[in-house]
Amino acid sequence: MRLHRNALLTFAAVTAALLAAAGAADAQKMFSHGGSANVGVVRGGDGGYHGGYHGGGRSYIGGYFGAPLVGIAPGVVQTFEGGDVVDDGNGPPRRTRQTRRNSSAPAANERRMVPDEVILEIANSVSSQQIEALQRRYRLIRIESQTFQLSGTTLYRWRIPDRRSVPSVVRALEADHIVAQPNYLFALQGDELKAEGDAAQYELAKLHLPQAHTLAKGDNVLVAVIDSGIDAAHPELAGTVAQSYDTLSSPMTPHKHGTAIAGLIAAHGKLMGAAPHARILAIRAFDGSGASAEGTTFNILKGLDWAAANGARVINMSFAGPPDPALHRSIVAAHKKGIVLVAAAGNAGPKSQPLYPAADPDVIAVTATNAEDRLFPQSNRGRYIAVAAPGEQILVAIPDGSYEVSSGTSYSAAEISGIVALMLERRQDLSPDRVRDLLMATAKDLGPRGRDVMFGAGLADAYAALKAEGAPVTAAAPRPVERVSTGAR
């Protein structure tokens, strides 16, 4: 990793900020790591997540992965060179007007956040007295905190008790070089275009899953599902849920979306999941008690950290929202641990900006198609899309032993997570990047020739991906020949 020019905050400046925030005596204790600062960089480059948020790069004093953290926080400095980067599929990514943004504060039109909360990421070495001093200085009320293994830091969730806006509080904290951001809201990407009926599982043939199941069924591969509550008693999921973790304080009730996602991965009753022998780590981070299930940055991070600590090989994220610095850092850490991360591209349509976590470079972004290999109309577009899978008019399991037909990129992501489980059963040493490469190399091209912003590399092919791994073939099955639809895209 390289240090972006002009992005390094001097050790003296960090010290000065800490002296102001917590008092000279407390600040001196913070730097009792042998007299030297550890400098680390969190994934820089160009464009969106590919280089800090929308252009430039971001560096952190203290580092995140491997080096001990120094100071009250890892000390944030962001240098954005030349303005925001836009990737709308019309040619290569381009920069807009020249701007300079030195904050993780949300954009002026951003509404996808808890309106009176802020998240702080702080080094584990900081004392409770220093945290209390920070709380008093910024007039915040502590709601909860949790230490995260993936980042090696502690995240604090604070309430803003007065009428100050989230952006103003974030900027004030960053002025003292404290890593802060909103508690963003993410939405599940399914439950669109519901229909009644008992449609055939056309996705099985489209993805060549019957052929793939002659080679692997995902035996004992742990797939984490960060979603709403799963009905583990559903006949499709009998014996499938290995462990459960609830990040919410409200009573857990099974929810349609989480149950549907788990079923598409590992159903083995009336339905057939992509990996019927996989085991599910059920993580409830979305509250389905209201009109729509929403999840926050803080709870999603809890789910990611728990999944990594409990042996997940694949993490399915069938939700979407704004670019989120803390979520990005945890994704980078999970990827480095060899965990394959899969996410729904989003259901916001062709004019939407990239949605996250799908647009993160360490995530396999999945879009949705229908029975005629046409793109699901509500699918997001973008160069970050890796592959497509059926997601329109899909028969799914829902709580209380029921079923329905529904649509969304959520379901496509779940099918790909199941295919990844098949691949990892055959080759446990596959890296996340190798998994992505195999899925894309063996996909059936759709739409414009080559990779495109609608279908990515094309429709995934489970059987071809398994054969391409180079693992010994224990059974053989003829691969069906399919005609690529020439209909409207």
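Notes on the structure follow. The residue numbering used here restarts from 1 in each chain and proceeds along that chain's sequence as written. With the structure being a predicted model, the display of local features is reserved for residues of pLDDT at least 70 and the display and counting of side-chain atom pairs for 80 or more, all residues being used for whole-chain, interface and lining totals. The basis for every side-chain value is the complete set of heavy atoms in the structure, and neither hydrogens nor water enter the calculation.

**Thoughts on the overall build of the chain**
Inference 1: Working definition: helices are DSSP H or I runs of at least four residues, strands are E runs of at least two. Numbering for both runs from the N terminus. Counting secondary structure elements, the chain contains 12 helices and 22 strands.
Inference 2: Here, residues are in contact when the closest pair of their heavy atoms is within 4.5 Å. Of all intrachain contacts in the chain linking residues separated by at least 6 positions in sequence, the fraction that spans at least 24 positions is 74%.
Inference 3: Per element, the accessible surface of the chain, about 18400 Å² overall, is 51% carbon and sulfur. Calculation of accessible area relied on Shrake-Rupley with a 1.4 Å probe; when residues are assessed, cover is drawn exclusively from the protein chains displayed.

**Some thoughts on the pairing of strand 22 (residues 402-407)**
Inference 1: Bridge count for strand 21 (residues 394-398) against strand 22 is five bridges, and the pairing is antiparallel. Counterpart to I394 in the pairing with strand 22 is S406.
Inference 2: Taking the residues that link successive antiparallel strands as the turn, the strand 21-strand 22 hairpin has three residues, and the phi of D400 there is positive, at about 65°. Between any two strands, at least two bridges found by DSSP are needed for them to pair.

**A short note on helix 4 (residues 166-175)**
The α-helix advances 3.6 residues per turn, and as a result positions three or four apart in sequence lie on the same side.
Inference 1: Each residue gets one of three labels from its accessible area relative to the maximum for its type: buried under 20%, exposed over 50%, partly exposed in between, using a 1.4 Å probe on protein chains only. Buried residues of helix 4: V166, P167, V169, V170, L173 and E174, and no others. Projected down its long axis, helix 4 shows its buried positions confined to an angular sector of 165°, all on one face.
Inference 2: At the exit of helix 4 stands H177, carrying a positive phi of roughly 65°. As used here, the arc is the angular range of directions from the helix axis to the C-beta atoms.

**Considerations on the packing of aromatic side chains**
Inference 1: Note on aromatic pairs: the rings of Phe, Tyr and Trp (six-membered ring only in Trp) are paired at centre separations within 6.5 Å, and the planes decide the class, stacked below 30 degrees, edge-to-face beyond 60, tilted for the rest. For the structure on display, the rule yields five aromatic pairs.
Inference 2: Aromatic pair F286 and F319: ring centres 5.1 Å apart, planes at 40°, arrangement tilted. With F286 in strand 14 (residues 286-287) and F319 in strand 17 (residues 319-320), the pair connects residues that are 33 residues apart, well separated along the chain. Each member of the pair, F286 as well as F319, carries the same accessibility label: buried.
Inference 3: Linked through ring pairs, F186, F286 and F319 together constitute an aromatic cluster.
Inference 4: Criterion for a charge above a ring: Arg CZ or Lys NZ at most 6 Å from the ring centre, at most 35 degrees from the ring normal. The side chain of K270 reaches across the aromatic face of Y403, ending 4.6 Å from its centre.

**Details of the nonpolar core**
Inference 1: We call a set of buried residues a nonpolar core when its members are Ala, Val, Leu, Ile, Met, Phe, Trp, Tyr or Cys and they connect through side-chain atoms within 4.5 Å of each other. Counting residues in hydrophobic clusters, the biggest one holds 63 residues, and the most contacted among them are V342, I416, I419, V420, M423, V435 and L439.
Inference 2: At 10 residues, helix 10 (residues 409-426) tops the list of elements feeding residues into this core.
Inference 3: Each residue touching I419, except ones within four places of it in the same chain, is listed here: L207, L209, A274, L439, A460 and A462.
Inference 4: With 62 residues, the next largest nonpolar core counts L155, I226, A308 and F319 among its residues.

**Things to note about the side chain of S412**
Inference 1: Counting through the fold element by element, S412 comes out in helix 10.
Inference 2: Reaching out from S412, the side chain makes a polar contact with the backbone nitrogen of G391 at a distance of 3.5 Å.
Inference 3: Setting aside anything within four residues of it in sequence, one finds S412 in contact with V366, T367, A368, A389, P390 and G391. Here a polar contact means two N or O atoms within 3.5 Å. Within protein one must be a hydrogen donor candidate and the other an acceptor candidate, and residues neighboring in sequence count only if both atoms are side-chain atoms.

**Concerning the pattern of salt bridges**
Inference 1: In what follows, salt bridge is the name for a side-chain nitrogen of Lys or Arg lying within 4 Å of a carboxyl oxygen of Asp or Glu. Counted by the stated rule, this structure contains 14 salt bridges.
Inference 2: A salt bridge links R137 to D176; its shortest N-O distance comes to 3.0 Å. Highlighted residues: R137 in helix 3 (residues 128-138) and D176 in the loop between helix 4 and strand 9 (179-188), separated in sequence by 39 residues.
Inference 3: The class of D176 is buried, set by a relative accessible area of 11%.
Inference 4: Between D373 and K206 there is a salt bridge, with the nearest N and O atoms lying 3.2 Å from each other.

**A few points about the packing of helix 7 (residues 256-266) against helix 10**
Inference 1: Throughout, an axis means a line fitted to C-alpha atoms (over the contacting stretch in the case of helices), and angles, computed between N-to-C directions, take values from 0 to 180 degrees. At a minimum axis distance of 8 Å, the contact between helix 7 and helix 10 shows a crossing angle of 35°. Between helix 7 and helix 10 the crossing geometry is right-handed. In this structure, helix 7 contributes H257, A260, I261, L264 and I265 to the contact, and helix 10 contributes S410, Y411, A414, E415, S417 and G418.
Inference 2: Amino acids are sorted into nonpolar (Ala, Val, Leu, Ile, Met, Phe, Trp, Tyr, Cys and Pro), charged (Asp, Glu, Lys and Arg) and polar (every other residue, Gly among them). Here the contact of helix 7 with helix 10 is built from residues that sort into six nonpolar, four polar and one charged. We call a crossing left-handed when the near helix sits turned anticlockwise from the far one by less than a right angle, and right-handed when that turn is clockwise.

**Thoughts on the sheet that holds strand 16 (residues 314-317)**
Strand pairs in the sheet, formed through backbone hydrogen bonds, run parallel or antiparallel to each other.
Inference 1: Read across the sheet, seven strands follow the order 12-13-11-16-18-19-20 without closing on themselves; strand pairing throughout is parallel. Because the sheet does not close on itself, it has two edges, and the strands there are strand 12 (241-246) and strand 20 (385-390). For this sheet, the mean angle separating the axes of adjacent strands, direction not counted, is 25°.
Inference 2: Pairing geometry for strand 11 (residues 222-227) and strand 16, over three bridges, is parallel. When the sheet's bridge partners are listed, V223 is paired in strand 16 with V314.
Inference 3: With respect to the sheet, helix 7 is in contact with strand 11, strand 13 (279-284) and strand 16, its orientation differing from that of strand 11 by roughly 160°.

**With respect to the side chain of H335**
Inference 1: Among the structural elements, H335 can be located in helix 9 (residues 325-336).
Inference 2: Since its relative accessible area comes to 15%, H335 is described here as buried.
Inference 3: Setting aside chain neighbours within four positions, we find H335 in contact with L341, D362, P432 and D433.

**As for the packing of helix 10 against helix 11 (residues 432-441)**
Inference 1: The contact between helix 10 and helix 11 brings their axes to 11 Å, and the two run at 110°. It follows from the interaxial angle that helix 10 and helix 11 lie roughly perpendicular. Where helix 10 crosses over helix 11, the handedness of that crossing is right-handed. Between helix 10 and helix 11, the residues in contact are I416, I419, V420, M423 and L424 and V435, L438 and L439, respectively.
Inference 2: In terms of residue class, the contact of helix 10 with helix 11 is made up of eight nonpolar, no polar and no charged. Throughout, the term roughly parallel applies to angles under 35 degrees, roughly antiparallel to angles over 145, roughly perpendicular to angles from 65 to 115, and oblique to all others.

**What about the pairing of strand 19 (residues 364-369)?**
Inference 1: Of all six residues in strand 19, six are buried, a share of seventy percent or more.
Inference 2: Burial of strand 19 is two-sided: the residues I364, V366 and A368 facing one way and the residues A365, T367 and T369 facing the other way are all buried.
Inference 3: Inspection of the sheet shows strand 18 (residues 340-344) paired to strand 19 by three bridges, in the parallel sense. Opposite A343, over in strand 19, you have A365 as the bridge partner.
Inference 4: Pairing geometry for strand 19 and strand 20, over five bridges, is parallel. Pairing of A368 across the sheet is with A389, part of strand 20.

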